[in-house]
Amino acid sequence: MGRVRTILTHTYPYPHEHSRHIMTAVIIACLFFISSDNMHTLIHKLDKNIKWWSMYVCLIGFFYFFSSPFLGRTIQPSYSNFNRWYVAWICFASLYHLPSFQSMGVDMRMNLSLFLTIYFSSVLFITAFHIIFIGLWYIGLVARMAGTRPGIWTIVQNCTVISIACCVFYSHCGNRAVHKSKSFGSNSDPNLLAFLENENGSTWISNFLRMNQLKDQICSSWFAPVGSASDYPMLAKWVIYGELVCSGSCAGPSDEISPLYSLWATFVGLYIANFVVERSTGWALTHPSTDEEDEKLKRHMKPDFLDMVPWYSGTSADLFKTAFDLMVSVTLFVGRFDMRMMQAAMKGPRDDTQKDDLLYDYFNEREDLWFDFVADTGDGGNSSYTVARLLAQPSIRTVIGGSMHTLPRGNLLLIGGDLAYPNPSSFTYERRFFKPFEYALQPPPWYRAEHIALDKPELPRGVSKIFEYDGPQCFIIPGNHDWFDGLHTFMRYICHKSWLGGWFLPQKKSYFALQLPKGWWIFGLDLSLHGDIDVYQFKFFADLCRNKVGENDSVIVVTHEPNWLLDWYWKETTGKNVSHLIHEYLNGRCKLRMAGDLHHYMRHSATGSENPNFVQHLLVNGCGGAFLHPTHVFRNFERFSGTTYECKAAYPSYDESSGIALGNILKFRKKNWQFDIIGGFIYFILVFSMFPQCNLVHILNEETWSGRLKSFSSTIWSALLYIFEHSYISSVGSLTLLMASYSFVPSKLSRRKRAIIGGLHVLAHLTAALLLMMLLELGIEICIRNHLLATSGYHTLYEWYRSMESEHFPDPTGLRARLEQWTLGLYPACIKYLMSAFDVPEVMAVTRINICKNGMMSLSRSVLIMYYTSVFIYFWIFSTPVVSLIFGSYLYVCINWFHIHFDEAFSSLRIANYKSFTRFHIKKDGDLEIFTLAVDKVPKGWKLDPRWESEVRGPHQLSHERKHPSKWRSASSPDPVRSVRVVDHFTIERTRTPDLEPSC
């Protein structure tokens, strides 16, 4: 029944489907009418003025680049819808002042003012209808489905359709009460008609003539007035009358009802009838579910994953909280208070190397062992779930060395920190970390999310000893992002919970040691925000090395940060305690160091060493779900702790990594649309003191384009000098940006290089801001000189409409005066200020003239605020695409030419692809075989896996026992389970005593 209901709802998604049909019909009608009239006008009046058409190209070009990230996709519904409406508003406010549309026979002022009036009336009328209808439902006079309120967007959409349809009708048919047929031929030039009659009747021009005549017939027949007001005495005082059209003098005012009013009333009546019928009869009977049930069903049919973290967002509360938490953590927890010390103090007086909260040795009795490593998991839901789903599969079949191999699921899962981005909180841990893993491998039936484990390990039902449990287990070390709140969230969700999805969590502290079969050990170190272990942690692992780790044992050291790469990159030395532990206490027994933090895969193997206690392999794999990091930046790494290393594997490859960086130029704004808030505001501050530019006539008076360009460039140079010599706000903004840009350049460079790079970066932004400012001011100056702006004051559109309304929309009964009286003046006032929103260019022009004539001090503060707000409205649209382009180009140049900003340049791209994890196998002979499995492309859509849904499961069955443990599968091909591949495969041999023959 649920599926049937979903199918019906998908086929008839009330109420938007009907609005879409109406919108389609309106668009077709618009194309029909506009094409006929405009082509007819272009034949008679071909506007050859390049100046206005070039201005159209500039305006529409800027509007397109501003709205391009929101075309064809919904980045975020609220922001996308806001920008679409914003662009439409500003575009119409600009275009209706320009003359070229008028030369084509389209009066933008008429269409715009009429649209706003009809739209405002439609919204009020339909809203009042819904209030009345809900009231009738509340007292029980209509069906219960009437109580399902329509969305605001539904009302807005339907009112928009109604208003557009009425405007199209009026533009091409008028408000005529008596229509005398006026065909195209009767008013046309006789010479032109003779030319057309001599042409072949099958030509496109002849076809166009017949189309124009058909349009006239439609206006005179289909949309003719419905009758006289005298035929409807009760409505005589509540209708709009048509304009009387006659060949001579007319005897009196028109008594015919306006066809425009008839069309509006018909559309509104159809909407009301459709709403009442569908809510009271058929649709309600076939769709009895409530909104809550529909929403629950929708969530059930697809996962509610979060998108990648927008690191360049200017409006994200999470990022501001991250910055605040980091500041508090660095100030409070680094060197003053350390959660690791409290963990050590809470251990009690027992021997550190005995079975307690830190050492887990129940794996060492197994003959062999499979385990996995992944890090940096909790970013985008799609990428995190992709990796978690691969980890949860009972086995993965893939090609290795030309033959198919089966790699079973790991009995042990190691996670190398940074569990959730951008900061540790209940929300980010639950939605970005726990949710994908629970979808991949569900927790046991008795699991409760709010449960707090006080005495771990809390063994599953039917298991008395932990070594008897054969399901997958998980151990986790914290990363720097997990320490931003002082490890509070990590302790609550990891050390005091028993399940991560279907993985059992026996861990009690933030660091641990695991004794594995065949003499293998894992040391999980907690580096905190220091990049190093504390003395209590050092003591535990040092005692373990002396008392428990055998001379021929092998140790894997797991840390969050790969200090071998980061120290080389930043030209510093960190992790001294870790290095001392490895060199002085492990004494060559550390065969492998692995870490996350860098969101790529790289493996370096030793080729020669001056230090006998060197580490054989250095492995980085931070591809657990976070955005991608480059690999080509670390191409030249080859020395660490006196040992020479060679890169054996890199994923993605160096060439792929370098090519991906190009996306900063092409896709920065599309990936970081919230950066608009910061970028537009910064550019406006840079040129705030430059508005207005009163002396631009010399540019227009130049006779040649080269002269105009030279004069334009000299004006920009003068404005640049003025900023630093005379302005206050712009100069302060420029100097602040310069200091911020200098600080933004990585400190690994010399101060001179940082100053040069930062200065060039700021100069590019400042030049672009001045160029955009000058183009905006020049456009306003051209319109003023051609009497298109600054002609009628601040309410040009409204005053023009009132004069047109009194002339073309007769009101013999005084309906408008009554509405004004009954609404206490709100009726004309609302329309007046609604129309004034489209007079933003007029406000800029009028205020600009006053400032240039009388100075800033002659205007009140409110007028100046209105002026600068009007300027910002347009300047923001011009500047946001440009600031993103320049900043993205800066990141591309820095990452590929100077190999700096590797974090900033790739976090901006928010790449969910190129995900991987590493699977280990301790074989029966004691060798460690290592496979790194990767997925090049992460799915963007998921659907319910029918195999998971149909699989029979017991009431107490654990999810790892299922054949198909993951709830969602890819909605498109290829599925990651089938496309996963091995990008690195190597073996580390077990250390054997000289007198022991190697086993086969």
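This section reports on the structure supplied with the text. This one's a predicted model, so the numbers in the text were calculated from it and none came from an experiment.

1. Brief notes about the sheet that holds strand β13 (residues 601–609)
The nine strands lie next to each other as β1-β9-β10-β11-β12-β14-β13-β16-β15, forming an open sheet whose pairing is mixed. For this open sheet the edge positions go to β1 (359–360) and β15 (639–640), each flanked by a neighbour on one side alone. By the bridge criterion, eight bridges tie β13 to strand β16 (residues 643–651) in an arrangement that is antiparallel. Each bridged residue has a counterpart across the sheet, and for Ala606 the counterpart in β16 is Tyr645. Helix α18 (residues 535–547) contacts β1, β9 (512–515) and β10 (520–524) of the sheet and is inclined by roughly 170° relative to β10.

2. Quick notes on unusual backbone geometry
Cis peptide bonds are those with omega within 30 degrees of zero, and the linkage from Lys456 to Pro457 qualifies with 5°. As for its placement among the helices and strands, Pro457 is situated in the loop between α16 (426–440) and β6 (473–476). With an omega of -10°, the peptide bond running from Phe691 to Pro692 counts as cis. Inspection of the secondary structure puts Pro692 in the loop between α23 (675–686) and α24 (697–701). In this structure, Tyr914 is a non-glycine residue whose phi angle is positive, near 60°.

3. Points about the side chain of Gln507
Mapped onto the fold, Gln507 is located in the loop between β8 (503–504) and β9. Separated by 2.6 Å, the side chain of Gln507 and the backbone oxygen of Ile476 make a polar contact.

4. Quick word on a nonpolar patch on the surface
Nonpolar side chains collect at one region of the surface, where Ile132, Leu136, Tyr138 and Ile139 lie side by side and expose about 460 Å² of accessible area between them. For Tyr138, the position within the fold is in helix α6 (residues 108–138). By relative accessible area, which is 69% here, Tyr138 ends up exposed.

5. Focus on a positive patch on the surface
Side chains of Lys667, Lys670, Lys671, Lys937 and Lys940 sit close together on the surface and give a patch of like positive charge. Along the chain, Lys670 falls in helix α22 (residues 663–671). When its relative accessible area of 38% is taken as the criterion, Lys670 is described as partly exposed.

6. With respect to the packing of aromatic side chains
Summed over all chains, the structure comprises 57 aromatic pairs. Note on Tyr569 and Trp570: the rings are 4.9 Å apart at their centroids and 90° apart in plane angle, and the pair reads as edge-to-face. What makes Trp570 partly exposed here is its relative accessible area of 32%. Members of the aromatic cluster, connected to one another through ring pairs, are Tyr86, Trp89, Phe684, Phe688, Phe691, Tyr867, Tyr868, Phe872, Phe875 and Trp876. Above the face of the Tyr569 ring, Lys748 is positioned so that its terminal group lies 3.8 Å from the ring centre.

7. Focus on the state of the cysteines
Evaluation of the coordinates by the stated rule reveals one disulfide. Paired through a disulfide, Cys694 and Cys852 show a sulfur-sulfur distance of 2.0 Å. Here Cys694 and Cys852 share a disulfide; its torsion about the S-S bond, -85°, makes the bridge left-handed. Here Cys694 is found in the loop between α23 and α24, whereas its partner Cys852 is found in helix α31 (residues 840–854), with 158 residues between them in sequence.

8. Description of helix α27 (residues 751–785)
Its 35 residues place the ends of α27 50 Å apart at the C-alpha level, agreeing with the 51 Å of an ideal helix rising 1.5 Å per residue. Just downstream of α27, His787 is the residue with a positive phi angle, here 60°.

9. What to know about the environment of Phe920
With respect to the element layout, Phe920 can be found in strand β17 (residues 915–922). Using a relative accessible area of 0% as the deciding quantity, one classes Phe920 as buried. The spacing of Phe920 and Leu407 is 513 residues in sequence and 9.5 Å in space, taken between C-alpha atoms. Those residues in contact with Phe920 that sit more than four places away from it in its chain are Leu369, Trp370, Phe371, Phe373, Leu592, Met594, Leu928, Glu929 and Ile930.

10. Comments concerning the nonpolar core
Residues Phe371, Leu414, Leu516, Phe523, Tyr683, Phe691 and Leu770 are the most contacted members of the largest nonpolar core, which totals 197 residues. Per element, the largest residue contribution to this core is 19 residues, and it comes from helix α32 (residues 861–898). When residues of this core are assigned to domains, at least three map to each of domain 1 (318–348 + 359–463 + 472–652 + 914–988) and domain 2 (661–906). Apart from the residues lying within four places of it in its own chain, the contact partners of Leu770 are Val687, Met690, Ile716, Ala719, Leu720 and Ile723. Of all hydrophobic cores here, the second largest spans 45 residues; its members include Leu413, Leu419, Ala420 and Leu487.

11. Observations regarding the pattern of salt bridges
Applying the stated criterion across every chain, the model contains 17 salt bridges. Taken together, the shared-partner salt bridges connect Asp357, Lys508 and Lys509 into one network.

Here is what the cut-offs are and how they apply
Residues numbered from 1 in each chain as written. Predicted model: local features only at pLDDT ≥ 70, side-chain atom pairs only at ≥ 80, totals over all residues. Heavy atoms only, no water. Pairing = 2+ DSSP bridges. Helix = DSSP H or I, 4+ residues; strand = E, 2+ residues; numbered from the N terminus. Contact = heavy atoms within 4.5 Å. Axes fitted to C-alpha atoms, helices over the stretch in contact; angles between N-to-C directions. Polar contact = N/O pair within 3.5 Å; in protein donor to acceptor, adjacent residues only side chain to side chain. Patch = residues over 30% accessible without salt bridge, like charges linked within 9 Å, V, L, I, M, F, W, Y side chains within 5 Å. Areas by Shrake-Rupley, 256 points an atom, 1.4 Å probe, with all protein chains shown as cover. Salt bridge = Lys/Arg side-chain N within 4 Å of Asp/Glu carboxyl O. Buried < 20%, exposed > 50% of the residue type's maximum accessible area, 1.4 Å probe, protein only. Lys, Arg positive; Asp, Glu negative; His and termini not counted. Charge placed at Lys NZ, Arg CZ, Asp CG, Glu CD. Phe/Tyr/Trp six-rings, centres within 6.5 Å; stacked < 30°, edge-to-face > 60°. Lys NZ or Arg CZ within 6 Å of the ring centre and 35° of its normal. Disulfide = S-S within 2.5 Å. Expected span 1.5 Å × (residues − 1). Core = buried A, V, L, I, M, F, W, Y, C linked by side-chain atoms within 4.5 Å. Domains from an automatic or database assignment.

Function cannot be inferred from these measures alone, as they are strictly geometric.
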